[in-house]
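# Fold and contact review
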Amino acid sequence: MQLRQDAFSDSPFPVQVLRETDSTNDALKRMRSAPHGTVLVTGRQTKGRGRLGRSFFSPEGGVYLSVLLKPNAPASELLHLTAMAAVAVRRAINDCCGVAPDIKWTNDLVYGGRKLCGILTELVRQEGALCAIIGIGVNCSTDLAQLPPEVRDVATSLRKITGRQIDPNDLARCMVRRLFEMDAALLTEKKAWMAEYAAACVTVGKPVQVVSGAERRSAFAEGIDENGALLVRWDNGETAAVSTGEVSVRGMYGYI
Ligand code: BTN
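Residues numbered from 1 in each chain as written. Predicted model: local features only at pLDDT ≥ 70, side-chain atom pairs only at ≥ 80, totals over all residues. Heavy atoms only, no water.

## Quick look at the overall build of the protein chain
For the record, the criterion: Numbering goes from the N terminus for both helices and strands, where a helix is a DSSP run of H or I of at least four residues and a strand is a run of E of at least two. Our radius of gyration looks at C-alpha atoms and nothing else; its globule reference is 2.2 Å times the residue count to the power 0.38. Think of it in three bands: with a 1.4 Å probe and only protein chains considered, a residue is buried below 20% of the maximum accessible area for its type, exposed above 50%, and partly exposed in between. When checking whether two residues touch, look at their non-hydrogen atoms; a contact exists if any pair is within 4.5 Å. Only four residue types enter the charge count, namely Lys and Arg as positive and Asp and Glu as negative; His and the chain termini do not. A charge is said to be at NZ when it belongs to Lys, at CZ for Arg, at CG for Asp and at CD for Glu.
A count of helical and extended segments in the protein chain gives 6 helices and 12 strands. Taking 18 Å as the expected radius of gyration for a compact globule of 256 residues, we find that the protein chain reaches 18 Å, a close match to that expectation. C-alpha atoms of the protein chain, sized along the principal axes, occupy 55 × 45 × 30 Å. In the protein chain, buried positions account for 53% of the 256 residues. Restricting the contact set of the protein chain to residue pairs at least 6 apart, pairs at least 24 apart contribute 61%. Within the protein chain, the 28 negative side-chain charges are centred at a point lying 3 Å from the centre of the 31 positive side-chain charges.

## A short note on the site of the ligand
Formally: Working definition: residue near molecule or strand if any one of its non-hydrogen atoms lies within 4 Å of it. Any pair of N or O atoms that falls within 3.5 Å is considered a polar contact. Within protein, one atom must be able to donate a hydrogen and the other to accept it, and sequence-neighbouring residues count only if both atoms are side-chain atoms. By the convention adopted, Pro, Cys, Tyr, Trp, Phe, Met, Ile, Leu, Val and Ala count as nonpolar, Lys, Arg, Asp and Glu as charged, and the other residues, Gly among them, as polar.
In the vicinity of the ligand there are 20 residues, among which Ser23, Gln45, Arg49, Arg51 and Lys115 approach most closely. Within the side chain of Ser23, an N or O atom sits 2.8 Å from an oxygen atom of the ligand. Residue Arg49 places a main-chain N or O atom 2.7 Å away from a nitrogen atom belonging to the ligand. Mapped onto the shell around the ligand, the elements with two or more residues apiece are α1 (24-30), β3 (62-69), β6 (114-126) and β7 (129-139). In terms of residue count, β6 provides more of the shell around the ligand than any other element does, 4 residues in total. Grouping the amino acids of the shell around the ligand by side-chain chemistry returns 6 nonpolar, 10 polar and 4 charged.

## Thoughts on the packing of helix α2 (residues 81-97) against helix α5 (residues 168-185)
Rules: Fitted lines through C-alpha atoms give the axes, limited to the stretch in contact for helices. The angle between two N-to-C directions lies from 0 to 180 degrees. The labels follow the angle: roughly parallel below 35 degrees, roughly antiparallel above 145, roughly perpendicular from 65 to 115, and oblique for the rest. Crossings are assigned a handedness: left-handed for a near helix turned anticlockwise from the far helix by less than a right angle, right-handed for a clockwise turn.
Following both chains from N to C, one finds α2 and α5 inclined at 140°, their axes separated by 8 Å at the closest point. Between α2 and α5, the angle is such that the two are oblique. You can see that α2 and α5 cross each other, and the crossing is right-handed. Across the interface between the two elements, Leu81, Met84, Ala85, Ala88, Arg91, Ala92, Ile93, Asp95 and Cys96 from α2 touch Asp170, Leu171, Cys174, Met175, Arg178, Leu179, Glu181, Met182 and Ala185 from α5.

## Here we look at the sheet that holds strand β8 (residues 207-212)
Condition: Pairs of strands are assigned from DSSP output, requiring at least two bridges between the strands.
The sheet built from 5 strands is open, its strands ordered β11-β10-β9-β8-β12 with antiparallel pairing. Of all the strands in the sheet, just β11 (239-242) and β12 (246-249) have a single pairing partner and so form its edges. For this sheet the average axis-to-axis angle between neighbouring strands, irrespective of direction, equals 45°. Bridge analysis of strand β10 (residues 230-234) against β11 gives 4 bridges, and the strand direction is antiparallel. Considered in β11, the bridge of Val232 is made with Ala240.

## Focus: the packing of aromatic side chains
Stated formally: Pairing of aromatic rings covers Phe, Tyr and Trp, the last counted by its six-membered ring, and requires centre-to-centre distances within 6.5 Å; plane angles under 30 degrees mean stacked, over 60 mean edge-to-face, and any other angle means tilted. Cation placement over rings: the criterion is NZ of Lys or CZ of Arg within 6 Å of the ring centroid and within 35° of the ring normal.
Applying the stated criterion to the full structure yields 2 aromatic pairs. Positioned over the ring face of Trp234 is Arg217, at 4.0 Å from the centre of the ring.

## Points about the sheet that holds strand β4 (residues 102-104)
Read from one edge of the open sheet, 7 strands run β1-β2-β3-β7-β6-β5-β4, paired in mixed fashion. Strands at the two margins of the open sheet, each flanked by one partner only, are β1 (15-18) and β4. Each strand axis lies, on average, 20° off the axis of its neighbour in the sheet, ignoring direction. Relative to β3, strand β2 (residues 39-42) is paired through 4 bridges, and the arrangement is antiparallel. Looking at the pairing, Val41 lines up with Leu65 of β3. Its contacts with the sheet put α5 on β1, β2, β3 and β7, and the angle it makes with β3 is roughly 25°.

## Structural notes on the pattern of salt bridges
Put simply, the rule reads: The term salt bridge refers to a side-chain nitrogen of Lys or Arg lying within 4 Å of a carboxyl oxygen of Asp or Glu.
Overall, the coordinates contain 15 salt bridges when judged by the stated rule. Note that Asp26 is salt-bridged to Arg49, the shortest N-O span being 2.6 Å. Of this pair, Asp26 sits in helix α1 while Arg49 sits in the loop between β2 and β3, and the two are 23 residues apart along the sequence. With a shortest N-O distance of 2.8 Å, Arg178 and Glu181 are connected by a salt bridge. Within this pair, Arg178 and its partner Glu181 are both found in helix α5, separated by 3 residues, close to a single helical turn.

Structure below.
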């Protein structure tokens, strides 16, 4: 099943379907003067990017979608944006497939402990305005056998979870609707959305390892703050709010 431009004629945001691109985040950055809400979606990326400078393997069968938002607020008021995007995509997957994935802090959607979706949010300036590009990659009908071993071993797909073929057009339409809803709620309904994030976040209540550069520190994840930072208690009893970097959760992605 292929993405089709005509599937998005009644979309609340303007959507462009690309047959293939390097990265939908990068393609959006190249579109000077694209209006608020512009969405690019493709079924294959040749240079997909992930968090922390990693590449994001993006074969056929996935849905790779980026949205450009011009939120009219300073970056300091947008710290919760990625967390709200995770809630939006979780809702969209539930709308489309009837499954509600867990959230692994900060922005992976997981099911049965395996990665289903990654989100990369980037802030850029376009013509003086602060813009957020939210890029989302979902393993829709991805053939997991095609993924590199280190990714395959921790990945799942909607096809595997539901046992049926999911139409990427249906999934992308649900994502655009929920991202539109998120945009409307961004500065006014933060509290309710962040409560939903915290309730779905499987990292909370677990032993974790916080990775920062070459350093790895053990902690216990106690909660999520109002901006999506992970509240941890280090082994020495001190507490901290972790807002960047990588957190391994005991029992997931091979961390025993
Ligand atoms: C991660 O898991 O580290 C984040 C992955 C984000 C992937 C999406 S796919 C659409 C958009 N384009 C990209 O190059 N990256 C994001």
